[in-house]
Amino acid sequence: MSAVEERVIETDSKVGEASIKSVIIDIALLLLSAILFALSFPNFLSRWGWFPLAYISLFPVFVVVHRSGWYRIVVYGLLYGFLSYSLFNFWLLKFHPLAIIIVPVIYAIYFLLLFPLLKLADSLFPRYGYLIQAVIWVGYEYLKTRGFLGYSYGVIGYSQYLFLPLIRVSDLTGVWGISFLVIFPSCWLGNTIKKGRRQLNLFFKEHRTELFAYSALFLAAVIYGIVSTADLSGAKKWRVALIQHNVDPWKHDYDESLDILIRLSEEAVKKYPHIVIWSETAFVPSIAFHTRYRANHQYYRLIERLKEFLGRQDVPYLIGNDDAELKRVGGVERIDYNAALLYMDGGFVQRYRKMHLVPFTEYFPYEDIFPGIYRWLKNADTHFWEKGEDPTVFEAGGVKFSTPICFEDTFGYISRKFVLNGAQVIVNLTNDSWSKSVAAEMQHMAMSVLRAVENRRSVVRSTNGGITCTIDPNGKIEAMIDPFIQSYLVADVPVYEEETTLYTLWGDWFGITSVLLAVMALNAGLVYRITRRKKIPG
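Residues numbered from 1 in each chain as written. Predicted model: local features only at pLDDT ≥ 70, side-chain atom pairs only at ≥ 80, totals over all residues. Heavy atoms only, no water.

1. Remarks on unusual backbone geometry
Note that the residue after glycine 466, namely isoleucine 467, is joined by a cis bond; omega there is 0°. With respect to the element layout, isoleucine 467 can be found in the loop between strand S9 (458–463) and strand S10 (469–471). A positive phi angle, close to 55°, is found at asparagine 246, a residue other than glycine. In this structure, cysteine 406 takes a positive phi of about 50° despite not being glycine. The buried category is assigned to cysteine 406, whose relative accessible area is 10%. (Helix = DSSP H or I, 4+ residues; strand = E, 2+ residues; numbered from the N terminus. Buried < 20%, exposed > 50% of the residue type's maximum accessible area, 1.4 Å probe, protein only.)

2. Focus: the packing of helix H3 (residues 59–67) against helix H10 (residues 175–190)
Packing of H3 against H10 brings their axes to within 8 Å, and their N-to-C directions diverge by 40°. For the element pair H3 / H10, the angle class is oblique. H10 is crossed by H3, and the crossing has right-handed handedness. Contacts from Phe59, Phe62 and Val63 of H3 reach H10 at Ile183, Ser186, Cys187, Leu189 and Gly190. Its residues assigned to classes, the contact of H3 with H10 comprises six nonpolar, two polar and no charged. (Axes fitted to C-alpha atoms, helices over the stretch in contact; angles between N-to-C directions. Parallel < 35°, antiparallel > 145°, perpendicular 65-115°, else oblique. Left-handed = near helix turned anticlockwise from the far one by under 90°. Contact = heavy atoms within 4.5 Å. Nonpolar A, V, L, I, M, F, W, Y, C, P; charged D, E, K, R; others polar.)

3. Structural notes on the pairing of strand S8 (residues 425–430)
Of all six residues in S8, six are buried; the element is thus mostly enclosed. Pairing between strand S7 (residues 399–402) and S8: two bridges, direction parallel. Note that in S8 the partner of phenylalanine 401 across the bridge is valine 425. For the crossover that starts at S7, traverses helix H16 (residues 412–420) and ends in the parallel S8, the hand is right-handed. Taken together, the six bridges between S8 and S9 define a ladder with parallel strand orientation. Residue pairing in the sheet places valine 427 in a bridge with valine 460 of S9. Between the parallel elements S8 and S9, the chain passes through helix H17 (residues 438–455) in a crossover that is right-handed. (Pairing = 2+ DSSP bridges. Right-handed = clockwise from strand over helix to strand, strands pointing away.)

4. Observations concerning the sheet that holds S8
In a beta sheet, neighbouring strands pair by backbone hydrogen bonds and run either parallel or antiparallel. Across the sheet, which stays open at both edges, the six strands sit in the order S6-S7-S8-S9-S10-S11 with mixed pairing between neighbours. Each edge of the open sheet is held by one strand with a lone partner, namely strand S6 (394–396) and strand S11 (477–480). Averaged over neighbouring strand pairs, the angle between their axes works out to 25° when direction is ignored. Across the sheet, H17 lies against S8, S9, S10 and S11, angled at about 155° from S9, the strand it touches most.

5. Some remarks on the pattern of salt bridges
Side chains carrying opposite charge are able to pair once their charged atoms draw close together. In total, this model carries 16 salt bridges according to the counting rule given. We note a salt bridge from arginine 353 to aspartate 323, for which the minimum N-O separation is 3.0 Å. On the criterion of sequence distance, the pair formed by arginine 353 in strand S5 (residues 347–353) and aspartate 323 in strand S3 (residues 317–328) is long-range, its members being 30 residues apart. A relative accessible area of 1% means that aspartate 323 is categorised as buried. Each of Asp323, Glu325, Arg351 and Arg353 takes part in one network of salt bridges that share partners. (Salt bridge = Lys/Arg side-chain N within 4 Å of Asp/Glu carboxyl O.)

6. Re the nonpolar core
Membership of the largest hydrophobic core comes to 116 residues, with the highest contact counts inside it found for Phe115 and Leu318. Contact partners of leucine 318, with chain neighbours within four places excluded, come to Ile275, Val276, Ile277, Trp278, Ala340, Leu341, Leu342, Phe394, Phe401, Thr403, Val427 and Leu429. Ranked by size, the runner-up nonpolar core spans 28 residues in total, among them Tyr254, Ala282, Leu302 and Leu310. (Core = buried A, V, L, I, M, F, W, Y, C linked by side-chain atoms within 4.5 Å.)

7. A closer look at the packing of helix H7 (residues 129–143) against H10
One can describe the packing of H7 onto H10 by two numbers: an axis separation of 9 Å at closest approach and a directional angle of 140°. Relative to H10, the element H7 lies oblique. In the crossing of H7 with H10, the sense of the turn from one axis to the other is right-handed. Only Trp176, Ser179, Phe180, Ile183, Phe184, Cys187 and Trp188 of H10 make contact with H7, whose side of the interface consists of Tyr130, Leu131, Gln133, Ala134, Val135, Trp137, Val138, Glu141 and Tyr142. Considering only residue class, the contact of H7 with H10 consists of 13 nonpolar, two polar and one charged.

Rendered as structure tokens:
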């Protein structure tokens with residue numbers, strides 16, 4: 001072998017080693033980012049989470065986006081999506097072994113699409129690409145909450161639920177404005193390496209104006225949160241009794257469950273609440289269906305026992321229930337709704353049927369297109385519901401309230417619709433006990449905090465096993481029961497309706513605007529790049 005051939009082989013070997021080393025570094029950075037992202041929220045180490053980590057959690061991602069070529073960036077998007085949501089939503093394993101695969105796979109696909117867009121912004125805008133990246137990220141977060149697969153968990157703004165002065169700006173921008181303030185530092189820091197570590201000072205000098213502008217914006221948001229605190233001193237108080245019976249409703253121990261609900265309710269009413277609230281499907285057998293048809297004598301007897309108990313009460317009861325009926329469409333078919341029923345004045349007077357169902361586990365509208373998936377879900381004993389259509393506003397104890405059920409309070413537009421319809425208080429009925437995870441329950445509760453602040457309305461959460469609590473219109477968690485215990489909470493909730501927020505009026509305008517700005521910026525960059533190339537001779 002000649003000397004030239006030896007040098008070529010040696011050079012190729014060094015290039016290969018450098019490439020492998022680069023891939024290892026990239027994967028390590030993505031893993032670090034996934035860990036920091038998960039720890040920013042309530043997690044497997046801390047039930048409250050470490051929200052300051054959110055500001056740097058995606059810094060390694062943007063470093064990788066800049067370092068990587070176009071071929072690798074697609075693979076890295078897949079990898080990061082799967083890693084981050086496997087760590088963040090680890091509790092899905094308790095629901096079903098396949099759930100911890102399905103959700104991370106969905107996000108692997110999302111990030112497969114997102115990472116190239118972040119790379120494109122970096123490529124088209126060498127100097128100010130990080131500004132476009134921040135807008136792209138917020139736009140992505142908004143889009144991922146829409147449609148059949150809409151899922152709010154992991155929106156980075158929710159990590160700040162304990163930082164009350166900051167999150168109060170959400171009454172202007174929704175959670176999306178908070179996400180922008182949280183994501184910007186990672187975008188900015190991720191671009192500091194563009195000219196190498198030795199030129200960090202130069203990068204800071206060139207981009208300190210944007211950093212100072214961000215700092216001023218962040219400070220303004222915090223000051224706004226401090227000065228815009230709602231004065232609740234004169235607000236009417238609505239005394240609620242929240243019953244946490246901590247029984248799995250799908251294990252069919254209905255007699256035992258009712259025993260516990262009655263016992264806890266009888267203890268709670270001694271403190272003179274205006275209403276007693278049971279959690280999502282706290283009572284499972286359909287009250288309306290089995291009263292009307294009486295096909296199951298055991299269920300009918302149980303319902304009569306419930307009615308007999310309620311008939312002795314002097315206070316209204318709000319009960320989570322499977323509200324079923326028969327429909328005749330080419331035959332007789334039973335239709336089930338996840339519902340909330342209000343009992344007062346000797347009977348059930350109002351009901352709300354859940355409008356936004358959980359994909360795959362509560363409904364699957366594509367039976368004709370994907371019959372195999374539909375059959376698989378049915379064979380796995382999936383309990384499908386029908387969608388409700390009416391954003392009901394209840395009234396009891398002189399207070400108007402609406403009841404987003406479980407997953408529904410993770411979407412800002414639903415609570416906003418209730419408030420626009422006249423709800424003075426938002427009452428969330430939830431069953432998260434299936435997760436067997438305090439972190440899962442805390443992640444859900446964190447999103448409820450934003451619903452309170454966005455609309456400046458009190459939020460009440462009555463849950464099966466946690467987190468049962470009350471949240472005031474300023475986002476403060478006023479009272480809470482420990483998770484996974486049988487207990488009740490009686491609390492005076494402020495009924496505040498002195499203002500209609502910009503978010504209530506305009507909705508998710510910040511998220512929509514982010515999508516439009518991202519599309520326009522990327523298109524403008526592409527047009528400029530193509531036009532410039534055409535003008536270059538040769």
